[in-house]
Structure formats: C-alpha cells, structure tokens
Amino acid sequence: DGFLTTHTLENVRLPEDDLLRGFVGDPRSHIRDLFDPAEALMTGVVQNQDSYMKGRIGQRAYTDRIPSALGAAMAMWQGQTGRRIGLIDAYRCDDATDILVAMGTIADTALTVVDHLREEGRPVGCVAVTSFRPFPAEELAAALRRARAVAVIERTDEPMAAANPLTREVRSALYEAAAEGVMVPRVLSVSAGLGSRDVAAGDLVAVFDRLASRREPPFAHAVLGIRHPLALERVPVDLRPAGAW
C-alpha cells in the first residue's frame, strides 16, 4: 500500500491534533529509550539454550494481554471520535454465499464492488482484517462460516508454502469449526497488488465470478493484474464516483 498511501489524492476527515496527542500520549512515558548514554543497556546479546527458551516463552505473560488492551484502545477511540474500529470489519456478510477477505486499500475497493454486485442480486460480502497480530481468529470464523466460498486477496506470493500468510490464518481460523463437524467454506488464495500494482474494481468482480463459477475449479491459487496462466481476466467495469480519475 506504500504508493497508494503516499501518492493518492483522497478527501479525509482528520481528527484534531489535540485529540491525537491525548490519545497517543507522550511516547517518552511508555517507550523506553534503549540508546540513552545516561542509562546504558546491553541489547541483542546471545543467549544460550538454558536461558533463551525461557525468555521467549516468558514473553507470553505480556503478549497474552495484548488482545484486551487493543480492544480497550479501540473502544476508547470510538468513544472519543465516534468512529468504530474493530479487529475485523465485516460488510454485508450475514446472508453472503461468497465473501472476499483482504487488508488495506484492497478492502476499501471491495466495499464498492460488493454494493455493485448486490444491486445485481448477487449475495456477496467482504471482510477487512484490521489486526493481523493479534489475529482475530474467532471473529473471522464467525463472519465466514456461513459462506459457501471465500477468496483471500494478499499483496504477496509464497509459491512453496501451503498458502499465502493471510490465507493460512483464515484456514486455521475455520479449522476448529470444521473439526467440530460444522460445514465451513472453501478458501481461494489470490495474489494481487504486489509492489503496489493496480487492483481495480473489475479485478475483484473477476474474483467473485470465480467463486461463483460452477465450470472452473475455484479453489486453487489465482493472481490479478498481470498476464499469466493463473491470472483472472479483469471484468470491464468502472465503479469510480463522478469526478474521480
């Protein structure tokens, strides 16, 4: 998302500077300076096996507290700004048979695509994952388990892995439900937007078309935006608002 974040023009409503300063607080009050000559510390040293594993596992005493702390911070933000933020943002998923999962600006584009396809009578939805760590496995499984098929779109490609990182997390989130005998959706992994290559609305329409297809095997790996045997052909549709370019 680097190029899109720094070079795309878009209207935004920024919170007031004073609100942001109060919400974030003074970094010096809760971030320790590791390079202060007046308080010298040794960092990055080698630990032998008798100490290393104990320290690594010991960090769970702190990391296990992060989900509740993050939830509290999100609730505080909503209270101060009126803007809801959660670990995931599920959109029109209650009755959706096909759902798209993504992070970042791809998830923003998916909202418009879902509305467009809903106008055509297609039961589709999308989920934006806000928090990759801690990963919202329970929330995501609850949003997806009623779907027939799910596509996970990621800005990466790991060809020798079982799947790409977010896809692996989604499948893991659905595993517990499947192990209990609950029917869960099949998951398609899609690579798109690597290096900020454009991902258009028509690309996401093509993903939903693949999920709905009964003629093509939908559950392999697909790519968007390039010419390749795995690529899905962009559907010619322009969903930009009037005046956009």
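Here the structure is a predicted model, which is why all the values come from computation and not from measurement.

Moving on: the overall build of the protein chain. Per the secondary structure count, the protein chain includes 9 helices and 7 strands. Projected onto its principal axes, the C-alpha positions of the protein chain cover 65 × 45 × 35 Å. Of all 245 residues assigned to the protein chain, the portion counted as buried reaches 31%. For the protein chain, contacts bridging at least 24 residues in sequence account for 75% of all contacts bridging at least 6. Carbon together with sulfur atoms contributes 54% to the accessible area of the protein chain, which is approximately 16200 Å² in total.

Relative to the helices and strands, alanine 201 resides in helix H9 (residues 201-212). Taking relative accessible area as the criterion, alanine 201 reaches 13% and is therefore assigned buried. Note: C-alpha distance between alanine 201 and alanine 151 (50 residues apart in sequence) is 15 Å. Not counting the four nearest positions on each side in its chain, alanine 201 is found in contact with Thr109, Val113, Val237 and Leu239.

Before going further, it helps to examine unusual backbone geometry. Glycine aside, the phi torsion of most residues is negative, and most peptide linkages are trans. In this chain, arginine 133 is followed by proline 134 through a cis amide linkage whose omega measures 0 degrees. Relative to the helices and strands, proline 134 resides in the loop between strand S3 (124-129) and helix H7 (137-144). The backbone of arginine 92 sits at a positive phi, close to 55 degrees, despite the residue not being glycine. Judged by relative accessible area, arginine 92 falls into the partly exposed class, the value being 38%.

Moving on, we come to the pattern of salt bridges. Inspection of the entire model under this criterion finds 13 salt bridges. Notably, a salt bridge pairs arginine 133 with glutamate 169, separated by 2.8 Å at the nearest N-O pair. A residue pair is termed long-range when its members are at least 10 positions apart, and arginine 133 in the loop between S3 and H7 and glutamate 169 in helix H8 (residues 165-179) qualify at 36 residues.

What follows concerns the packing of aromatic side chains. In this structure the tally under the stated criterion is 2 aromatic pairs. Aromatic pair phenylalanine 23 and tryptophan 77: ring centres 5.0 Å apart, planes at 65 degrees, arrangement edge-to-face. Here phenylalanine 23, found in helix H2 (residues 17-24), pairs with tryptophan 77, found in helix H5 (residues 66-81); they are 54 residues apart in sequence, far enough to count as distant. Assessed through its relative accessible area of 26%, phenylalanine 23 is described here as partly exposed. With a relative accessible area of 16%, tryptophan 77 lands in the buried category. Considering the side-chain rings of phenylalanine 132 and phenylalanine 135, the 6.0 Å spacing of their centres and the 85 degrees angle between planes classify their relative orientation as edge-to-face. Take phenylalanine 132: its relative accessible area is 27%, and that puts it in the partly exposed class. You can call phenylalanine 135 buried: its relative accessible area is 18%.

In this section: the nonpolar core. Core analysis: the biggest nonpolar cluster contains 28 residues, and Leu100, Ile153, Val190, Leu204, Val207, Phe208 and Leu224 have the highest contact counts within it. Residue assignment for this core shows that the elements contributing at least two residues are strand S2 (98-102), helix H6 (105-119), S3, strand S4 (149-154), strand S5 (186-191), H9 and strand S6 (221-224). No other element matches H9, which puts 7 residues into this core. Setting aside anything within four residues of it in sequence, one finds leucine 204 in contact with Leu100, Ile106, Thr109, Ala110, Val113, Ile153, Val199 and Leu224.

A separate point is H6. Its 15 residues place the ends of H6 22 Å apart at the C-alpha level, agreeing with the 21 Å of an ideal helix rising 1.5 Å per residue. Regarding H6, the residues found buried are Ile106, Ala107, Ala110, Val113, Val114, Leu117 and Arg118. What you see down the axis of H6 is that its buried residues fit within an arc of 130 degrees, all on one side. The elements touched by buried residues of H6 are strand S1 (88-91), S2, S3, S4 and H9. At the C-terminal side of H6, glycine 121 shows a positive phi close to 85 degrees.

Cut-off values and rules
The numbering scheme is per chain: residues are counted from 1 as the chain's sequence reads. Under the rules for a predicted model, residues below a pLDDT of 70 receive no local features and side-chain atom pairs below 80 are neither given nor counted, while totals for whole chains, interfaces and linings still include all residues. Excluded from the side-chain calculation are hydrogens and water; included are all heavy atoms of the structure. Runs of H or I in DSSP of at least four residues are treated as helices and runs of E of at least two as strands, each being numbered from the N terminus. Each residue is assigned to one of three classes by its accessible area relative to the maximum for its type, calculated with a 1.4 Å probe on protein chains only: buried under 20%, partly exposed between the two thresholds, exposed over 50%. Only heavy atoms enter the contact rule, under which two residues are in contact if any of them lie within 4.5 Å. The protein chains shown are the only cover counted for residues, whose accessible areas, like all others here, come from Shrake-Rupley with a 1.4 Å probe. By salt bridge we mean one thing: a side-chain nitrogen of Lys or Arg within 4 Å of a carboxyl oxygen of Asp or Glu. By convention, a stacked pair of Phe, Tyr or Trp rings (six-membered ring in the case of Trp) has centres within 6.5 Å and planes under 30 degrees apart, an edge-to-face pair has planes over 60 apart, and any other such pair is tilted. For the purposes of this section, nonpolar cores are sets of buried Ala, Val, Leu, Ile, Met, Phe, Trp, Tyr and Cys residues that join through side-chain atoms within 4.5 Å. Multiplying 1.5 Å by the residue count of a helix minus one yields the expected span of that helix. Here the arc refers to the set of directions running from the helix axis out to each C-beta atom.

Everything listed here is a matter of coordinates, which is why it stays silent on function.
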